[in-house]
Amino acid sequence: MIHRSNIPLVSIVLATYNGERFLVEQLNSILAQSYKNIEIIAVDDLSTDNTVSILEDYANRYDNFNVYVNESNLGYQRNFEKGFSLANGYYIAPSDQDDIWLPNKIEILVNNISSHSIAFCNSAFINSAGEQLGETMTDTKTLMDFNSPLMYIIGASAPGHAMLIKKEIVFDAMPFPTLLSHDNWLGFVATFKNSLKYVDEVLVLYSRKDTNIFGSLTKKNTIKDNSDIRIQKAQQRLKLLYEKCPDHFVEEKAVFLALCESYESYSLKNNFTRMRLFFKYRREILAYKKHNAIRRVLYCMKIFFKIL
């Protein structure tokens, strides 16, 4: 049996918005965790369905369950940021409203995080009916220990729903930028102090639906944005990474700056610089992609002609 006085508090931060259809099953899976020293912080972003009523019902039944309703709609990123700022735990575990956690998720991540900044696990995909699709996150991306800021140049594969994060990392990462997802930003900042530890176990049933927020936004923006806007966004993102990267990461900071400058124009010189850097650091930059050696080379060559 786990005694609360002997283990650190874990704050589970749940961001909700019109989630009544899936919410109860996720809440029950959180409350069924084998790790018992938890607080649940649910922050609702002005839902118009019965989400708040469901949350308040749970809050009335469990003394470690807290509900906050925003005065205005903050959006996905800011809603999570608010929830993180309310957390009291030594660790923080972000939660989507429509997944299902296996009972030992928090306990296993706590037991594996050790000196690492973040521990994260594998996930199995489910559909909107809660049925497993026979595919896990590792079938689509490489999950691994991420230990370099350069691994976040084009993104990594440590998803927020699978994370256990030391609270100090969350506050080091605030405020969250709008150019990157909060989980990529948290992972990037975590590499400054220590690595992200990958735990090779499926501990989350991850809901894959047509309403995936970031997937749909990315697709729309890719179609709508013209080339100049996309170049500008790539440069802004790299500038953000450069400015956040600590000065003692001399080599990494120089890479971010050089890549940022390579997007000032599509000259032959800039295109070659960008391709050369991708070739030199392809092990780090392409770490999460399920590419063999030949495909990695081809990807770096393609960078001469296209945007990140």
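Every value quoted in this text rests on a predicted model; they were computed, and no experiment measured them.

**Some words on the packing of aromatic side chains**
Under the counting rule described, the total for this entry stands at 17 aromatic pairs. Ring centres 4.9 Å apart and planes at 70° place the aromatic pair F304 and F305 in the edge-to-face group. Judged by relative accessible area, which is 65%, F305 ranks as exposed. Following the ring pairs from residue to residue traces out a cluster consisting of F120, F146, Y152, W185, F188, F192, Y198, F249 and F256. Taking the ring centre of Y58 as reference, the NZ or CZ of R61 above it sits at 4.5 Å.

**Section: a nonpolar patch on the surface**
Taken together, the side chains of I294, L298 and M301 present a nonpolar region at the surface, about 310 Å² in accessible area. Along the chain, L298 turns up in helix α12 (residues 293-302).

**Focus on the confidence of the model for the protein**
Mean pLDDT over the protein: 91, with 92% of residues reaching 70 or higher. Per-residue pLDDT stays below 50 along residues 210-224; that stretch engages in 7 contacts with residues further than four places along the chain or on separate chains.

**Looking at a positive patch on the surface**
Residues R230, R295, K302 and K306 make up a contiguous surface patch of positive charge. Summarising the element assignment, K306 is placed in the segment after α12. For K306, a relative accessible area of 33% translates into the label partly exposed.

**Some words on the nonpolar core**
In this structure, V10, F84, F120, F146, I153, F188 and F278 are the most contacted members of the largest nonpolar core, which totals 88 residues. When residues of this core are assigned to their parent elements, the largest contribution, 6 residues, is made by strand β9 (residues 196-207).

**Quick notes on the environment of L238**
Locating L238 in the fold gives a position in helix α8 (residues 227-244). Take L238: its relative accessible area is 0%, and that puts it in the buried class. In sequence terms L238 and M301 are 63 residues apart; their C-alpha atoms lie 19 Å from each other.

**Notes on the packing of helix α9 (residues 250-262) against helix α10 (residues 268-280)**
Close contact between α9 and α10 brings their axes to 8 Å; oriented N to C, the two are set at 145°. Handedness of the crossing formed by α9 with α10: left-handed. Residues V255, A258, L259, E261 and S262 of α9 touch α10, and the partners they reach there are N270, T273, R274, L277 and F278. Partitioning the contact of α9 with α10 into residue classes produces 5 nonpolar, 3 polar and 2 charged.

Definitions and cut-offs
Residues numbered from 1 in each chain as written. Predicted model: local features only at pLDDT ≥ 70, side-chain atom pairs only at ≥ 80, totals over all residues. Heavy atoms only, no water. Phe/Tyr/Trp six-rings, centres within 6.5 Å; stacked < 30°, edge-to-face > 60°. Buried < 20%, exposed > 50% of the residue type's maximum accessible area, 1.4 Å probe, protein only. Lys NZ or Arg CZ within 6 Å of the ring centre and 35° of its normal. Patch = residues over 30% accessible without salt bridge, like charges linked within 9 Å, V, L, I, M, F, W, Y side chains within 5 Å. Areas by Shrake-Rupley, 256 points an atom, 1.4 Å probe, with all protein chains shown as cover. Salt bridge = Lys/Arg side-chain N within 4 Å of Asp/Glu carboxyl O. Helix = DSSP H or I, 4+ residues; strand = E, 2+ residues; numbered from the N terminus. pLDDT = per-residue confidence, 0-100. Contact = heavy atoms within 4.5 Å. Lys, Arg positive; Asp, Glu negative; His and termini not counted. Charge placed at Lys NZ, Arg CZ, Asp CG, Glu CD. Core = buried A, V, L, I, M, F, W, Y, C linked by side-chain atoms within 4.5 Å. Axes fitted to C-alpha atoms, helices over the stretch in contact; angles between N-to-C directions. Left-handed = near helix turned anticlockwise from the far one by under 90°. Nonpolar A, V, L, I, M, F, W, Y, C, P; charged D, E, K, R; others polar.

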